[in-house]
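# Fold and contact review
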Amino acid sequence: MKILPHVNSFLSYLKLEKTLAHNTIESYSFDLERLRAYCTQHEARGLDDITPELLQGYVRALYDVGFAPTSIQRTLSSLRTYFAFVVSEGFLLQDPTELLESPKAARYLPDVLSVAEIDAVISYIPVQKGFGLRDRAMLETLYATGMRVSELANFTVEQLLAGEGLVRIVGKGSKERLVPIGSAALAWIAEYCTTLRPRMCKGGSDNTMFLNVRGKKLSRMALWRIIRKYVECAGIKKEVSPHTFRHSFATHLLEGGADLRAVQEMR
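We now turn to the structure provided with this report. (Residues numbered from 1 in each chain as written. Predicted model: local features only at pLDDT ≥ 70, side-chain atom pairs only at ≥ 80, totals over all residues. Heavy atoms only, no water.)

### Examining the overall build of the protein
The helix and strand inventory of the protein stands at 11 helices and 3 strands. For the protein, the succession of helices and strands along the chain, N to C, is α-α-α-α-α-α-α-β-β-β-α-α-α-α. Overall size of the protein, expressed as C-alpha extent along the three principal axes, is 75 × 35 × 35 Å. Within the protein, the fraction of its 267 residues that count as buried is 48%. Residue pairs in contact within the protein that sit at least 24 positions apart in sequence constitute 64% of those at least 6 positions apart. For the protein, the accessible surface area stands at approximately 13,400 Å², while carbon and sulfur atoms represent 52% of it. For the protein, the separation between the mean place of its 34 positive charges and that of its 29 negative charges on side chains is 10 Å. (Helix = DSSP H or I, 4+ residues; strand = E, 2+ residues; numbered from the N terminus. Buried < 20%, exposed > 50% of the residue type's maximum accessible area, 1.4 Å probe, protein only. Contact = heavy atoms within 4.5 Å. Areas by Shrake-Rupley, 256 points an atom, 1.4 Å probe, with all protein chains shown as cover. Lys, Arg positive; Asp, Glu negative; His and termini not counted. Charge placed at Lys NZ, Arg CZ, Asp CG, Glu CD.)

### Structural notes on the packing of helix H6 (residues 132-145) against helix H10 (residues 244-255)
Contact geometry for H6 and H10: axes closest at 7 Å, N-to-C directions at 45 degrees. Looking at the two axes, H6 sits oblique to H10. Residues Leu139, Leu142, Tyr143, Ala144 and Thr145 of H6 form the contact with H10, whose own contacting residues are Phe245, Ser248, Phe249 and His252. Taken together, the residues of the contact of H6 with H10 break down into 6 nonpolar, 3 polar and no charged. (Axes fitted to C-alpha atoms, helices over the stretch in contact; angles between N-to-C directions. Parallel < 35°, antiparallel > 145°, perpendicular 65-115°, else oblique. Nonpolar A, V, L, I, M, F, W, Y, C, P; charged D, E, K, R; others polar.)

### Let's talk about helix H2 (residues 22-41)
In this model, H2 (20 residues) spans 29 Å end to end at C-alpha, consistent with the 28 Å of a helix rising 1.5 Å per residue. Of the residues making up H2, those classed as buried are Ile25, Tyr28, Asp31, Leu32, Arg34, Leu35, Ala37, Tyr38 and Cys39. Considering only its buried residues, H2 is in contact with helix H1 (7-16), helix H3 (52-64), helix H4 (69-88), H10 and helix H11 (260-266). Of the residues trailing H2, Glu43 is marked for its positive phi of about 65 degrees. (Expected span 1.5 Å × (residues − 1).)

### Focus: the side chain of Asp95
With respect to the helices and strands, the residue Asp95 is situated in the loop between H4 and helix H5 (115-124). One buried charge, Asp95, has no salt-bridge partner; the nearest side chain with opposite charge is Arg80, at 7.6 Å. Aside from chain neighbours lying at most four places away, what touches Asp95 is Arg80, Phe83, Ala84 and Val87. (Salt bridge = Lys/Arg side-chain N within 4 Å of Asp/Glu carboxyl O.)

### With respect to the packing of aromatic side chains
Going through the model one piece at a time under the given rule, you end up with 8 aromatic pairs. Judged by centre distance (5.1 Å) and plane angle (75 degrees), the ring pair of Tyr82 and Phe83 falls under edge-to-face. The exposure class assigned to Phe83 is buried, which follows from its relative accessible area of 0%. Among the aromatic residues, those joined into a ring-pair cluster are Phe10, Tyr13, Tyr28, Tyr82, Phe83 and Phe85. (Phe/Tyr/Trp six-rings, centres within 6.5 Å; stacked < 30°, edge-to-face > 60°.)

### Examining the sheet that holds strand S2 (residues 166-170)
The sheet built from 3 strands is open, its strands ordered S1-S2-S3 with antiparallel pairing. Edge strands, defined here as strands with exactly one partner in the open sheet, are strand S1 (160-161) and strand S3 (176-180). The pairing of S1 with S2 spans 2 bridges and is classified as antiparallel. In the strand pairing of S2, Leu161 is matched with Leu166. (Pairing = 2+ DSSP bridges.)

### Some details on the packing of H2 against H4
Where H2 contacts H4, the axes come no closer than 9 Å and their chain directions differ by 85 degrees. If you check the angle between H2 and H4, you find them roughly perpendicular. Each of Ser27, Tyr28, Asp31, Leu32, Arg34 and Leu35 in H2 lies in contact with H4, whose residues at this interface are Arg74, Thr75, Ser77, Ser78, Leu79, Thr81, Tyr82 and Phe83. Split by residue class, the contact of H2 with H4 holds 6 nonpolar, 5 polar and 3 charged.

### Remarks on the layout of surface pockets
Where empty space is left can be seen by rolling a probe of water-molecule size over the atoms. Considered as a void within the structure, the largest pocket measures approximately 210 Å³ in volume. Along the wall of the largest pocket there are 14 residues; nearest its centre are Ala68, Thr70, Val112, Leu113 and Lys238. Taken together, the elements giving at least two residues each to the lining of the largest pocket come down to H4 and H10. Looking at the lining of the largest pocket residue by residue, the classes come out as 6 nonpolar, 5 polar and 3 charged. (1 Å grid on protein atoms, 1.4 Å probe; cavity = no way out; pocket = protein on both sides within 12 Å on 5 of 7 lines; lining within 4 Å. Points joined across faces, edges and corners; volume = space filled by probe spheres on them.)

### Overview of the pairing of S2
Between S1 and S2, which pair antiparallel in sequence order, lie 4 residues; one of them, Gly165, sits at a positive phi of approximately 65 degrees. As paired strands, S2 and S3 are joined by 5 bridges and run antiparallel to one another. What sits directly across from Leu166, in S3, is Pro180. The hairpin turn running from S2 into S3, its antiparallel successor, is 5 residues long, and Gly173 in that turn takes a positive phi close to 65 degrees.

As structure tokens, this is what we get:
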């Protein structure tokens, strides 16, 4: 990390002097790698180019893609600890995190579901009963792509590019974006389209992917009721909003080491 030098020394410091757990140190390493990529995209070449304004823009970008508030707080801790270290070691004169603040928007962000909670919700769906297969395919798609609920409601058969592992999403202002979709979601969609969807199609059905009992497009509110039902049945007590799966999608990608700009482009 030329832009962020002395990272190995910093991580050793966390292990030997701060005696932090291995998982915590690994999270700090992810945080710094993500910051390095962001700084590179914004043409910073070294520590002296990393300004408070650049860091504030970075934190704001994390909020904008829906990174979990708790993860953002950890990111802030990572940055403050790293820059305090390089200043204390004499590698930098001024700490750019001294005035770094958490954006006020944090209190408006919904809870984010953990990977285990997402699995619990999706696994609860009774795929052998009623519209369970459709619902499983819908929620798998929602989580795998980070779609808005309204985008899922309007999702068509033609927007699925299964052979390329992509979906073409039509967002606000008819703006289109291509987003990868995983093999698990593709498999559930394929099963739904092969077995259940043909039986749901009526005379007036169009090419909408996920249909209601009348063979028409599901409304945004109907989709949200379906999601909320499975969240409650799975015993999840968090405050879940229509955007929860979307925010969880972004958080899990970033926590897994995904590039911030790539996540921004998916949304």
